[in-house]
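# Descriptive analysis of the structure
Spelled out, the chains give:
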Amino acid sequence: MENNLLVRILRDAAPGLMKASGGGAWPWVHVELSALERTIKLVCERAGVKAPCALVGRDTGQEIELTYMLRCADGVVYGVRTQLSRNAPRVPSLAAQWPALEYHERELTELLGIAFEGAAQGRFLLPEEWVGQPLRKDYVYPENYKGVEHRRTPLRKEHQRP
């Protein structure tokens, strides 16, 4: 018997919706972007989730991975994961249904360049004049910002200045 509540819910209620799953500290399922909102609503209804507790983004180098973290009634935090194009990462905003997601969405917009369609606009963390998304693997750090030098050795080859 599958012990991942998320997998059981999706297998029973929506066969074919899930692309992959994994275990570990935070069990997760991977779904297509087109099924993301439907999957999150389904899990919230069936597993006693009032709202996603976090939204996490990551640049893998090939795509942007987006994971909605859901704390279920069994106390376990589950992830619903999808992939976005690195060239134009877009996803519908879920902040209208779960207002706490607004801050997570705005943070990921600034730091990874994800466009949340229908979300609030404007800067949240970074100054208005900031250029680029600092959590992208191809981000080139500025040599200085407002007169403060930033000349550390790049952590990765792709961070080298041209």
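What comes next is a walk through the structure. Just so it is clear, the model here is predicted, and its values are computed rather than measured.

## Overview of helix α3 (residues 101-112)
In this model α3 runs 16 Å from its N-terminal to its C-terminal C-alpha over twelve residues, within 8% of the 16 Å that 1.5 Å per residue would give. By the burial criterion, the buried members of α3 are L101, E105, R106, L108, E110, L111 and L112. Among the structural elements, β3 (52-59), β4 (63-71) and β7 (115-117) are those in contact with the buried residues of α3. One or two positions beyond α3, positive phi appears at G113, with a value near 80°.

## Comments concerning the packing of aromatic side chains
Inspection of every chain in the model, using the stated rule, returns one aromatic pair. On the basis of an interplanar angle of 40° and a centroid distance of 5.4 Å, the ring pair of Y103 and F124 is categorised as tilted. Here F124 lies in the loop between β7 and β8 (144-145) and Y103 lies in helix α3, a separation of 21 residues in the sequence. Exposure remark for Y103: the relative accessible area of 45% places this residue in the partly exposed category.

## Description of the layout of surface pockets
Size it by volume and the largest pocket reaches roughly 250 Å³. Along the walls of the largest pocket sit 19 residues, with T109, I114, A115, A120 and Q121 positioned nearest its centre. Mapped by element, the contributors of at least two residues to the lining of the largest pocket are α3 and β7. Of the residues forming the lining of the largest pocket, the biggest block, four residues, is contributed by α3. Residue composition of the lining of the largest pocket, by class: seven nonpolar, six polar and six charged.

Cut-offs used in this document
- The numbers attached to residues start from 1 for each chain and follow its sequence in the written order.
- Local features are withheld for residues below a pLDDT of 70 in this predicted model, meaning they are given only at 70 or higher, and side-chain atom pairs are given and counted only at 80 or more; totals for whole chains, interfaces and linings count all residues.
- In computing side-chain properties, one takes all heavy atoms of the structure into account and sets aside hydrogens as well as water.
- Helix and strand labels come from DSSP, where a helix needs a run of H or I of at least four residues and a strand needs a run of E of at least two; each type is numbered from the N terminus.
- To estimate the expected span of a helix, count its residues, drop one, and scale the result by 1.5 Å.
- Per-residue accessibility, obtained with a 1.4 Å probe over protein chains only, is compared with the maximum for each type, and a residue is labelled buried under 20%, exposed over 50%, and partly exposed between these values.
- Note on contacts: a residue pair qualifies if any of its non-hydrogen atoms lie within 4.5 Å across the two residues.
- Only rings of Phe, Tyr and Trp enter the pairing, Trp through its six-membered ring, and a pair is recorded when the two centres are within 6.5 Å. The plane angle decides the type: under 30 degrees is stacked, over 60 is edge-to-face, the rest tilted.
- Throughout, the protein atoms alone are placed on a 1 Å grid, and a set of points is a cavity if a 1.4 Å probe fits but cannot get out or a pocket if it is open with protein on both sides within 12 Å along at least five of seven lines; lining residues have an atom within 4 Å of a point.
- Grid points are joined across faces, edges and corners, and a volume is the space filled by probe spheres set on the points.
- Ten residue types, Ala, Val, Leu, Ile, Met, Phe, Trp, Tyr, Cys and Pro, are classed as nonpolar, four, Asp, Glu, Lys and Arg, as charged, and the remainder, Gly among them, as polar.

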